[in-house]
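# Remarks on the overall topology
Residues per chain, in single letters:
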Amino acid sequence: RSYVGPFRTQVERLARIVFGPGLALEIDEDLRITHRTLDGTTVAFGALSSGAQEQLGLCARLACAALVDPADGVPVVIDDALGHTDPERLARLGAVFTAATAADGAPQVVVLTCTPERYHGIGAATVVPLAPSRRPEEPGRPASPTDPVPVRDVPATVPGTVLDLPRSPRAG
């Protein structure tokens, strides 16, 4: 129970960047978002759009990391999230990532994605494009332990990208 208040404060701080100042959240004892109130209208979390749910989920993950003692630190890995987020909110989520990584002792955030354009609003980040994968030339042929496995380059239809968000140095 002692975590509910600080957790709600952190989630609301980040989520207000996306949804505006009229946002309030109800959080249960298991730290689950149960309801979102926006400008006086309350909706159960499960009744929200997929996009709103994933945006609040992202804010919740970043909020959890913000509550960890900066001396211990905790990384946050985001794997191709925000597929249901509209372009306007994507732009605002860039500011959420920036806010989550700006404070002293802030968590490191690593984003793995096949669609890096979703994250252009983040601003300064280390972007690491990944090379296309390589696959065995004859995947159906049984391999013998003595056979060299021929490989060919198989261009990735959508290359992967890793974004490593800048963060302030750790405290202490």
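Above this note sits the structure.
For the structure given in this document, a descriptive report is provided here. (Residues numbered from 1 in each chain as written. Predicted model: local features only at pLDDT ≥ 70, side-chain atom pairs only at ≥ 80, totals over all residues. Heavy atoms only, no water.)

### Remarks on the overall build of the chain
Rules: Secondary structure elements follow DSSP: runs of H or I no shorter than four residues count as helices, runs of E no shorter than two count as strands, and numbering proceeds from the N terminus. Relative accessibility thresholds used throughout: buried, under 20% of the residue-type maximum; exposed, over 50%; partly exposed, between the two (1.4 Å probe, protein chains only). In what follows, residue pairs with any heavy atoms lying within 4.5 Å of each other are defined as contacts. Each accessible area is a Shrake-Rupley estimate made with a 1.4 Å probe; only the visible protein chains count as cover when residues are assessed.
Looking only at helices and strands, the chain has 3 helices and 9 strands in total. Ordered by position from the N terminus, the helices and strands of the chain form the series α-β-β-β-α-β-α-β-β-β-β-β. Each of the 172 residues in the chain was classed as buried or not, and the buried ones make up 34%. In the chain, the share of contacts with a sequence separation of at least 24, taken over all contacts with a separation of at least 6, comes to 63%. Summed over all atoms, the accessible surface of the chain reaches about 9800 Å², with 56% contributed by carbon and sulfur.

### Some details on the packing of helix H1 (residues 4–19) against helix H2 (residues 50–67)
Note the following rule: Under this scheme, a helix contributes an axis fitted over its contacting stretch, all axes are lines through C-alpha atoms, and angles between N-to-C directions fall in the 0 to 180 degree range. Oblique is the label for any angle not under 35 degrees, not over 145, and not in the 65 to 115 range, which are roughly parallel, roughly antiparallel and roughly perpendicular in turn. By definition, turning the near helix anticlockwise from the far helix through less than a right angle yields a left-handed crossing, and turning it clockwise yields a right-handed one. By the convention adopted, Pro, Cys, Tyr, Trp, Phe, Met, Ile, Leu, Val and Ala count as nonpolar, Lys, Arg, Asp and Glu as charged, and the other residues, Gly among them, as polar.
Packing of H1 against H2 brings their axes to within 8 Å, and their N-to-C directions diverge by 135°. Between H1 and H2, the angle is such that the two are oblique. As for how H1 packs across H2, the hand of that crossing is right-handed. Every residue of H2 that contacts H1 at Pro-6, Phe-7, Gln-10, Val-11, Leu-14, Ala-15, Val-18 and Phe-19 is listed here: Ala-52, Gln-55, Leu-56, Cys-59, Ala-60, Leu-62, Ala-63, Cys-64, Ala-66 and Leu-67. Taken together, the residues of the contact of H1 with H2 break down into 16 nonpolar, 2 polar and no charged.

### Observations regarding unusual backbone geometry
Positive phi values are uncommon outside glycine, yet Leu-31 reaches one of about 60°. Examined against the element boundaries, Leu-31 turns out to sit in the loop between strand S1 (23–27) and strand S2 (33–38). You can call Leu-31 partly exposed: its relative accessible area is 31%. With phi around 50°, Asp-39 is a residue other than glycine that occupies positive phi space.

### Focus: H1
Structurally, the α-helix is built with 3.6 residues per turn, so residues lying three or four positions apart point the same way. Applied cut-off: Note on bend: at a given residue it equals the angle between the axes fitted to the 7 residues ending there and to the 7 starting there.
Along H1, the sharpest change in direction is near 25° and occurs at Arg-13. Turning to H1, its buried residues are Val-4, Phe-7, Gln-10, Val-11, Glu-12, Leu-14, Ala-15, Val-18 and Phe-19. In this structure, the buried residues of H1 make contact with S1, S2, H2 and helix H3 (87–102). Where H1 terminates, the next one or two residues include Gly-20, which has phi positive at roughly 100°.

### Focus on the environment of Thr-126
Here Thr-126 lies in strand S6 (residues 126–129). Classification of Thr-126 by relative accessible area gives partly exposed; the value is 45%. Taking the C-alpha atoms as reference, Thr-126 lies 9.5 Å from Val-110; in sequence the two are 16 residues apart.

### What to know about the pattern of salt bridges
Keep this limit in mind: The term salt bridge refers to a pairing of a side-chain nitrogen on Lys or Arg with a carboxyl oxygen on Asp or Glu at a separation within 4 Å.
According to the stated counting rule, one finds 4 salt bridges in the structure shown. The closest approach of N and O atoms between Arg-32 and Asp-30, which form a salt bridge, is 3.2 Å. One salt bridge in this structure joins Arg-92 and Glu-88, with 2.2 Å as the shortest N-O distance. A residue pair is termed a helical-turn pair when its members lie 3 or 4 positions apart in one helix, as Arg-92 and Glu-88 do in helix H3 at 4 residues. Judged by its relative accessible area of 28%, Arg-92 is partly exposed.

### Let's talk about the pairing of S1
Our working definition: For two strands to count as paired, DSSP must find a minimum of two bridges between them.
Covered by surrounding structure in S1 are Leu-23, Leu-25 and Ile-27 only, the residues Ala-24 and Glu-26 on the alternate face being uncovered. Where S1 meets S2, 5 bridges bridge the pair, whose relative direction is antiparallel. Bridging from a neighbouring strand, Leu-23 pairs with Leu-38 of S2. Between S1 and S2, which pair antiparallel one after the other, the connecting turn spans 5 residues, and Leu-31 there sits at a positive phi close to 60°.

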